[in-house]
Amino acid sequence: MESRVSKILKKNKIFSCLGVDICHEIAPLFKEVNTQAEELLIRQGDESDCLYILEKGALFAYLDTAKGTKFMGSVLEGESVGELGALSGEPRSLSVKAASEALLLRLSSNDFKYICQTYPQLMLEILKTIINRSQKNTIALSNVDGCKYIGIIKQNESVDIEEFKQSILKNISHQDGIILLSNLNCSSPDFLRKLNNYEKKSHTIFVFFEQEDLHIAKFLLEKASKIYLVSYAQDIEQNSYFINNFLEKTRALNSLTVSLVLIHHRCSQMIHGTQKWLSFYPFLQWHHMRLHNEQDACRLIRFFCDNPIGLVLGGGGTRGWAHVGVLKAFQEQGIPFDVIGGTSIGALIGASANICDSNFEQVHAIVQRFSRDVSPPFSWSDYTYPRISILNGKRVTRALEDLFGVYHIENLWRPYFGISSNVTSMKEVVHTKGSLFESVRASVALPGLLPPMTIDYCLHYDGGLCNNLPVDRMKGFIGNSGKIISVSLLVQEESKKYYIPPVFSYSDYVLKSLTSKESLYRIPSYFETIYNSMTVGSVDKEIECKRKSDILINPDLSAYGITSNPTGHEDKMIAIGYKAAQEALQGWSFSPIKGLYLKK
């Protein structure tokens, strides 16, 4: 009579090749083993002395790395584990533990080698299994073309996760390769078998954590690469004990990132209180979403799926009018920005774009208002005793405070950052939190001309000193898969020729002014000299950052200065930026979920 063990061997990919009679003959060599849920069956690095065949239940396999523990896959009923170690005698390459109560068959290494020597046809099946498993492990380790899991958990029972799920589902239901899962029974073998099928067909699986279930929590900790904590914005620090415990466990997993999603009323205009949220857990990112707002939902989904779009605006003085033209071109194309960052004038226009949702007319009005409030740039009332700077900064500071004084960066609808140079600590600073006014004021503080911005008792000057086109910083926000659009205002005027004598007295200057002998001296403006001297150290970095951009917009502004230009030249620079953006976008398409991608 055929034994229970021989029936299991017939279903196993390796041993089934031996046939019914041989399976019945070798069945007594297998010993039955029972394990409890979470029991460690195999420890990475231990001696390999046997293999296992899973009769009932489910197993999870993990790899311990310097960066943390990585989930490598599941073992389902009828499958074996540990064959290679049992044959080679090498230490275990992975750890394996029971996902639930499990019943297994154990075969010692000596008995396994005896069977292989007696029945050589077994080696071909072992080789096939090892190759197939190695390919899966390679995909899991590289995460290229592999399936990724994203966990969505609610902060407490008051959060209607179903309403949030419907907002997401509405926008991704037509997308191939994306699956939404909820109400899971993670310990069920049938579920794990379905999961394997999902992984073959999908590149992204969303797991909605709808109830406080220990098995689901462990499943997410083991499989997810990203966790998003969803809460109503007003429920500050009302985490359940279960969620607090769950978040505490994520701190030890370097391969798992946790971000915050704050839900707002659909009619919300201003955001408040994000600072308190960020004080109780080191969230990687934070997002604001109005329910039933399609634009907010699509932006969040692009982050979920690693398709966000980042806009980087470089420094360049009054040439920044070209940035406004770029925004106009993208608005006409219907292409949004998920993160905006910039330096100097780029930080100012980026902040303007963020607070008015990149609307060209509104950004134009803000920049026009600022330009009017600080013109002319060198009025007698602006000069001060030159202990720190030649200008007192009063008009610039007042204008920026009027524009941005009520905003905090973490309370903006979209992520934003500005760059400044901390000359106290001698470091580049990326402003992602705090006062938007202080961030922009720090980023435009040109050394020698304007006083620095003091933040936390440190002196901050123009970000162009160290990073005039922060594409590298944007990469940290949106990852390697997101698309970065950069707008560089850099003009390298190698054709200009100057001559200034090594000794240049006040009388020489007066004489030049009276005689207007341009052939005698060729002198740049004071502001131009200061600005070029300040940014020369970051030019090479800007050129390198331009190469790292997915879409580079570099309008030709060689005919325009960086301080003041004749009246009406603002519109010309806007037109130049607009045209340069249109040309750069040729060959690109946009999808609300896929983001920017090259046309086929």
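Small disclaimer: the values here were computed from a predicted structure and weren't measured.

Draft legend 1. Local environment of the pairing of strand β16 (residues 339–343). In terms of burial, β16 is a largely internal element, five of the five residues being buried. Note that strand β15 (residues 309–313) and β16 share four bridges and pair parallel. Across the sheet, residue Leu 313 finds its bridge partner in β16, namely Gly 342. In this structure, β16 lies alongside strand β17 (residues 416–422), joined through four bridges in parallel fashion. Looking across to β17, one finds that Gly 341 is bridged to Phe 417.

Draft legend 2. Region of the structure containing the pairing of β17. Burial of β17 is extensive: seven of the seven residues sit out of reach of the surface. Side-chain alternation along β17 places Tyr 416, Gly 418, Ser 420 and Asn 422 on one buried face and Phe 417, Ile 419 and Ser 421 on a second face that is also buried. In this structure, β17 lies alongside strand β18 (residues 427–431), joined through five bridges in antiparallel fashion. The partner of Gly 418 across the bridge, within β18, is His 431.

Draft legend 3. Molecular detail of the environment of Asn 245. Turning to its location among the elements, Asn 245 is positioned in helix α9 (residues 241–250). By relative accessible area, which is 35% here, Asn 245 ends up partly exposed. Along the backbone, Asn 245 and Lys 548 are 303 residues apart, and their C-alpha atoms lie at a distance of 40 Å.

Draft legend 4. Quick look at the packing of helix α13 (residues 345–355) against helix α14 (residues 360–373). As a packed pair, α13 and α14 sit with axes 9 Å apart at the nearest point and diverge in direction by 135 degrees. If you check the angle between α13 and α14, you find them oblique. Between α13 and α14 lies a crossing of right-handed hand. Taking contact as the criterion, the partners of Leu 348, Ile 349, Ser 352, Ala 353 and Ile 355 in α13 are, on α14, Val 363, Ile 366, Val 367 and Phe 370. For the contact of α13 with α14, the residue count by class is eight nonpolar, one polar and no charged.

Definitions and limits used
- Residues numbered from 1 in each chain as written.
- Predicted model: local features only at pLDDT ≥ 70, side-chain atom pairs only at ≥ 80, totals over all residues.
- Heavy atoms only, no water.
- Buried < 20%, exposed > 50% of the residue type's maximum accessible area, 1.4 Å probe, protein only.
- Helix = DSSP H or I, 4+ residues; strand = E, 2+ residues; numbered from the N terminus.
- Pairing = 2+ DSSP bridges.
- Axes fitted to C-alpha atoms, helices over the stretch in contact; angles between N-to-C directions.
- Parallel < 35°, antiparallel > 145°, perpendicular 65-115°, else oblique.
- Left-handed = near helix turned anticlockwise from the far one by under 90°.
- Contact = heavy atoms within 4.5 Å.
- Nonpolar A, V, L, I, M, F, W, Y, C, P; charged D, E, K, R; others polar.

Any link to function would need more than the numbers given here.
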